[in-house]
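Residue-level listing of the chains:
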Amino acid sequence: MVALISEIPVRGRRCTVSYRFLRPLGLACVWAELRLGVGASRRQVERCLKKCAGELAARRALTAVFQDGFARREAFFDRGFREAGCGALLAAKAGELVTLAAKGRDRAYLAARRADRGSLETARRLCEGFRYLTLEAPRESFGRFEDVCGAWGVTPEPPGLCPAPPDAAVFLCPPGETVFLPGKCVKLTLDGAGERVKGGREIARASFTLPEARHFDLPFPPAALLSAALEAGTVTPGEVAAIAAAV
């Protein structure tokens, strides 16, 4: 279960919390809405936050999506909560994002830990958008990538045989050795890969669409909720379309 946490300042000194259960994108969520009196003491606020964290933890809702601008995150992090990120969403749409951001260029680079469904789909999308692909993947997985890429007329090349620097790069995992990218290269680094990737321009903003029937209206970052739904399997990557990416 995912915790949706928001705050409404109210008059007076009372601090209360209301809870609502809902399923945006089919994702089981509990919405904790804090009403913190502007005249409340620090001790009152702390007591209310502690009680809220305890209620959410009792429901095993330790993954949190916070309302934009929520200033009391640390009160939940200190009690074992983690903030939902966008890693699953970015990984699922990585190939589309770099293709959009580097449209019309020739060469892509992909680092993958294994030939799973997501990695193979990223390779397929890169081969759809680029003429050449440099691939860093375990030797035992290389053949599966070759089958996927071959359907698009692309033969993946190991990094040591790459004759030219890439125009776009996706790192689904850290590379085996430090990779130096040209300044014009558009990159997307995931799973802590950034420390071993030097140069290039990271994708900073992205936009996505969902089918109309899947739209929701809640005061929480939509990308974080969408990513959590992908991770939970209540939304499939095929339902999500990347429509813009900017560096």
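Here the structure is shown first, and the text comes after it.
All values derive from a computational prediction rather than experimental measurement.

Q: Tell me about the nonpolar core, residues and numbers included.
A: Core analysis: the biggest nonpolar cluster contains 29 residues, and Leu110, Leu126, Leu133 and Phe145 have the highest contact counts within it. Of all the secondary-structure elements, those providing two or more residues to this core are helix H4 (94-101), strand E6 (107-111), helix H5 (117-129), strand E7 (132-136), helix H6 (142-150), strand E8 (168-171), strand E9 (179-189) and strand E12 (241-246). Among the elements that take part in this core, H5 stands out by supplying four residues, more than any other. Contact partners of Phe145, with chain neighbours within four places excluded, come to Leu110, Ala112, Arg114, Ala115, Ser119, Leu120, Ala123, Leu135 and Ala137. In this structure, Ala3, Val30, Leu34 and Phe76 belong to the second largest nonpolar core, which totals 21 residues.

Q: A description of the side chain of Arg125 should follow, citing residues and the corresponding values.
A: Its location among the elements puts Arg125 in helix H5. The exposure class of Arg125 is buried, given its relative accessible area of 18%. When residues no more than four places from it in sequence are discounted, the contact partners of Arg125 are Gly95, Glu96 and Thr99.

Q: Hey, could you go over helix H1 (residues 42-58) for me, with residue numbers and the actual values?
A: A rise of 1.5 Å per residue sets the reference length of H1, with its 17 residues, at 24 Å; its end C-alpha atoms lie 24 Å apart and thus fit the reference within 8%. Within H1 the residues assigned to the buried category are Val45, Cys48, Leu49, Cys52, Ala53 and Leu56. Projected onto a plane normal to the axis of H1, the buried residues spread over an arc of 135° and lie on a single side. Exposed and facing more than 90 degrees away from the buried side of H1 are Arg43, Arg47, Lys50, Lys51 and Ala58.

Q: I'd love a proper account of the sheet that holds E8, names of residues and values included.
A: Pairing in this open sheet of five strands is parallel, and the strands run E7-E6-E8-E9-E10 from one edge to the other. The open sheet is flanked by E7 and strand E10 (197-202), the only strands paired with a single partner. Across the sheet, the axes of successive neighbouring strands diverge by a mean angle of 35°, strand direction being ignored. Examined bridge by bridge, E9 and E10 share five bridges and lie parallel to one another. Looking at E10, one finds that Val186 is bridged to Arg201.

Q: Run through the layout of surface pockets, naming residues and quoting values.
A: Using a probe with the size of a water molecule, rolled over the atoms, empty space left in the structure can be pinpointed. Taken as a whole, the largest pocket encloses approximately 650 Å³ of empty space. Forming the boundary of the largest pocket are 24 residues, of which Ala88, Ala91, Ala92, Gly118 and Ser119 lie nearest the centre. Put simply, the parts of the chain that give the lining of the largest pocket at least two residues each are helix H3 (87-92), H4, H5 and helix H7 (222-232). Element by element, the count of residues in the lining of the largest pocket is highest for H5, at six residues. In the lining of the largest pocket, the residues fall into nine nonpolar, five polar and ten charged.

Q: Which residues make up the pairing of E9, and what values go with them?
A: Where E8 lies against E9, four bridges are found, and the strand directions are parallel. Note that in E9 the partner of Phe171 across the bridge is Thr189.

Q: Give me the packing of aromatic side chains: which residues, what numbers.
A: Geometrically, a pair of aromatic rings is defined through the distance of the ring centres and the angle of the planes. Enumeration over the complete set of coordinates arrives at seven aromatic pairs. Residues Phe66 and Phe70 carry aromatic rings whose centres are separated by 5.3 Å and whose planes lie at 15° to one another, so their mutual orientation is stacked. Classification of Phe70 by relative accessible area gives buried; the value is 5%. Both rings, one in Phe70 and one in Phe76, keep their centres 6.2 Å apart while their planes meet at 55°; by these two values the pair is tilted. Sitting over the ring of Tyr19, Arg59 keeps its end group 5.4 Å from the ring centre.

Calculation criteria
- Residues numbered from 1 in each chain as written.
- Predicted model: local features only at pLDDT ≥ 70, side-chain atom pairs only at ≥ 80, totals over all residues.
- Heavy atoms only, no water.
- Core = buried A, V, L, I, M, F, W, Y, C linked by side-chain atoms within 4.5 Å.
- Buried < 20%, exposed > 50% of the residue type's maximum accessible area, 1.4 Å probe, protein only.
- Helix = DSSP H or I, 4+ residues; strand = E, 2+ residues; numbered from the N terminus.
- Contact = heavy atoms within 4.5 Å.
- Expected span 1.5 Å × (residues − 1).
- Arc of directions from axis to C-beta.
- Pairing = 2+ DSSP bridges.
- Axes fitted to C-alpha atoms, helices over the stretch in contact; angles between N-to-C directions.
- 1 Å grid on protein atoms, 1.4 Å probe; cavity = no way out; pocket = protein on both sides within 12 Å on 5 of 7 lines; lining within 4 Å.
- Points joined across faces, edges and corners; volume = space filled by probe spheres on them.
- Nonpolar A, V, L, I, M, F, W, Y, C, P; charged D, E, K, R; others polar.
- Phe/Tyr/Trp six-rings, centres within 6.5 Å; stacked < 30°, edge-to-face > 60°.
- Lys NZ or Arg CZ within 6 Å of the ring centre and 35° of its normal.

The values reported here are purely geometric and, on their own, carry no functional implication.
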